[in-house]
Amino acid sequence: MYPNPLKKRLQAGELLLGSALPAPTARAAGLVCSAGPDFLWIDTEHAHFGAEALESIPVIARMRGVAPMIRVAHNDPALIKKAYDVGAVAVMVPQIDTPEEAAKAVEYARYYPEGKRGISPLWSHIAGEDWNTVIKTANEETLLVLQLESQQAYDNLDAIAAVPGFDVLFVGPLDLSAAVGRIAETGSDEVQAIMQDVPRRLEGTGKVAATTLVEVAEIQEKIGWGYRYLNVGNALGYGAQVLKNNLDALRADPDGRGT
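Cut-offs applied
- Residues numbered from 1 in each chain as written.
- Predicted model: local features only at pLDDT ≥ 70, side-chain atom pairs only at ≥ 80, totals over all residues.
- Heavy atoms only, no water.
- Core = buried A, V, L, I, M, F, W, Y, C linked by side-chain atoms within 4.5 Å.
- Buried < 20%, exposed > 50% of the residue type's maximum accessible area, 1.4 Å probe, protein only.
- Contact = heavy atoms within 4.5 Å.
- Helix = DSSP H or I, 4+ residues; strand = E, 2+ residues; numbered from the N terminus.
- Pairing = 2+ DSSP bridges.
- Right-handed = clockwise from strand over helix to strand, strands pointing away.
- Phe/Tyr/Trp six-rings, centres within 6.5 Å; stacked < 30°, edge-to-face > 60°.
- Lys NZ or Arg CZ within 6 Å of the ring centre and 35° of its normal.

Overview of the nonpolar core
- Core analysis: the largest hydrophobic core is formed by 52 residues, its most contacted members being Val93, Leu144, Leu146 and Val198.
- Each residue touching Val93, except ones within four places of it in the same chain, is listed here: Val72, His74, Asn75, Ile80, Ala105, Leu144, Val145, Leu146 and Gln147.
- Judged by nonpolar contacts, the second largest core, of 18 residues, contains Leu10, Met92, Leu143 and Phe170.

The structure is reproduced here in structure tokens:
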């Protein structure tokens with residue numbers, strides 16, 4: 001269970017696929033983990049809950065061999081600290097637009113000497129992991145994921161990528177679409193041109209390109225572009241579509257006779 005191998009796998013160049021937690025319950029987390037994702041995206045930016053609602057969910061994911069990734073609401077030291085202390089292997093920070101903001105996120109996320117995060121990995125008590133071992137190896141195990149979601153961030157891409165201490169640059173297509181004047185049009189030429197350019201620009205920097213999508217064909221396209229860390233929809237969204245298809249089929253052909 002500890003350390004989780006996500007960071008070593010990332011550094012080895014493996015393709016890593018995750019999925020989002022549809023609700024902050026242990027059962028939902030267990031069901032998603034049963035699908036075998038590499039990481040579990042737990043969103044506390046847009047969701048109605050924060051780290052205090054997660055309780056043992058990140059530890060459950062760890063015990064299932066899945067790395068919990070918590071997206072915090074803001075580049076805030078208190079939020080980032082709480083996310084790691086509740087058990088996150090990776091923390092994702094939204095709306096990083098400048099190298100200065102990226103450097104602040106690193107400072108908030110790493111223990112000394114790489115950063116200034118306060119030390120108290122409370123999740124280790126739930127998991128039964130050795131407190132001192134977790135503290136001494138946290139910088140080696142944990143990931144920091146920064147989000148590129150604006151034209152400003154794209155303009156500063158090279159400078160942001162040069163900041164040491166973070167691992168993944170995650171392109172947020174929806175916010176990016178608004179920033180380039182094509183709100184909600186994530187498939188627009190403007191958004192897609194940026195998405196195609198980001199992995200090329202990250203080559204040789206030690207940073208990995210990431211994003212989130214739903215359709216398998218589009219995910220495969222982005223893998224071909226060089227993305228190596230991708231969120232693959234969420235179980236609730238996929239499940240609702242399967243349910244709709246089943247309901248439509250039964251209403252169209254109730255007895256299965258095709259009449």
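Considering helix H2 (residues 26-34)
- Of all the residues in H2, the buried ones are Ala28, Ala29, Gly30, Val32 and Cys33.
- Elements that come into contact with the buried residues of H2 comprise strand S1 (16-20), strand S2 (39-43), helix H3 (57-63) and helix H13 (235-252).
- Backbone geometry just downstream of H2 places Gly36 in the positive-phi region, at approximately 85 degrees.

Focus on the pairing of strand S8 (residues 229-234)
- As judged from the four bridges shared by S1 and S8, these two strands associate in the parallel manner. Among the inter-strand pairings, Gly18 is bridged to a residue of S8, identified as Asn231.
- Sheet topology places strand S7 (residues 208-213) next to S8; four bridges connect them, and they run parallel. Pairing of Ala210 across the sheet is with Tyr229, part of S8.
- Viewed along the sheet, the connection from S7 through helix H12 (residues 216-225) into S8 turns out right-handed.

Quick look at unusual backbone geometry
- A cis amide bond links Tyr2 to the next residue, Pro3, at an omega of 0 degrees.
- Positive phi outside glycine occurs at Glu55, with the angle close to 45 degrees.
- For Glu55, the position within the fold is in the loop between S2 and H3.
- In the Ramachandran plot, Gln95 falls in the positive-phi region, its phi being about 55 degrees despite a non-glycine side chain.
- Within the secondary structure, Gln95 sits in the loop between strand S4 (90-93) and helix H5 (99-109).
- Residue Gln95 is classed as partly exposed on the basis of its relative accessible area, which comes to 43%.

Describing the packing of aromatic side chains
- For the coordinates displayed, the defined rule picks out three aromatic pairs.
- Residues Trp41 and Phe170 carry aromatic rings whose centres are separated by 5.5 Å and whose planes lie at 70 degrees to one another, so their mutual orientation is edge-to-face. Placement of Trp41 in strand S2 and of Phe170 in strand S6 (residues 168-171) is noted, with a sequence separation of 129 residues between them. Like Trp41, the residue Phe170 is buried in the burial classification.
- Its end group placed over the ring of Phe166, Lys207 keeps NZ or CZ at 4.7 Å from the ring centre.

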